[in-house]
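# Observations on the three-dimensional arrangement
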Amino acid sequence: QLVESGGRWVQAGAYLTLSCAASGRNISNYTMGWFRQTPAEERSFVAAIKGSGLSTQYSDSVKGRFTISRDDVRNVVTLQMTSLKVEDTAVYYCAASGTWGEWTPRQYAYWGKGTRLTVSS
């Protein structure tokens, strides 16, 4: 089970950290990713971190502003977000995959229910 937390309303330019707590199994062997979705758009890739923690991947829209990290002892994945923009407004989902190298939702087998971020100007 994956449970996201941390989403809330913030103003543009703010920073915020989302967390994803995993239970039921250890995440150390999984690629962990963050996706986001708005009512008008399909779920899209935000960031991913390999099971080893040595490799990360970001979408162009968040590169340089967001940082994904993991703590396999605590079974937690975090997404640090800075310089938030109105267009970052979305429901953010945590997901787990058994593979690395694909950034589409279909590659992720396990999903949380999401946490909502609203960024206002």
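The following refers to the structure shown. Bear in mind that the values here come from a model prediction, so they are computed numbers and not experimental data.

Conventions we followed
Residues numbered from 1 in each chain as written. Predicted model: local features only at pLDDT ≥ 70, side-chain atom pairs only at ≥ 80, totals over all residues. Heavy atoms only, no water. Helix = DSSP H or I, 4+ residues; strand = E, 2+ residues; numbered from the N terminus. Buried < 20%, exposed > 50% of the residue type's maximum accessible area, 1.4 Å probe, protein only. Salt bridge = Lys/Arg side-chain N within 4 Å of Asp/Glu carboxyl O. Pairing = 2+ DSSP bridges. Axes fitted to C-alpha atoms, helices over the stretch in contact; angles between N-to-C directions.

The next subject is unusual backbone geometry. Glycine aside, a negative phi is what most residues show, and trans is what most peptide bonds show. If you check the backbone angles, Asn75 has positive phi at about 60° while not being a glycine. Checked against the element boundaries, Asn75 lands in the loop between β7 (66-71) and β8 (76-81). Non-glycine residue Ser83 carries a positive phi angle of around 45°. Here Ser83 lies in the loop between β8 and β9 (90-97). A relative accessible area of 42% places Ser83 in the partly exposed class.

Attention now goes to the pattern of salt bridges. Inspection of the entire model under this criterion finds 5 salt bridges. The salt bridge partner of Arg70 is Asp72, with a shortest N-O separation of 2.9 Å. Taking the relative accessible area as the measure of exposure, Arg70 reaches 17% and is therefore buried. The salt bridge involving Arg74 is made with Asp71; its shortest N-O contact spans 3.9 Å. What you see here is one network of salt bridges that share partners, running through Arg36, Arg65 and Asp88.

Attention shifts here to the sheet that holds strand β1 (residues 2-5). What the 4 strands build is an open sheet, ordered β1-β3-β8-β7; its pairing is antiparallel. Each of the sheet's edge strands pairs with one partner strand only, and the pair in question is β1 and β7. With direction set aside, neighbouring strand axes in the sheet form an average angle of 15°. With 6 bridges connecting them, β7 and β8 associate as antiparallel partners. Residue pairing in the sheet places Arg70 in a bridge with Val77 of β8.

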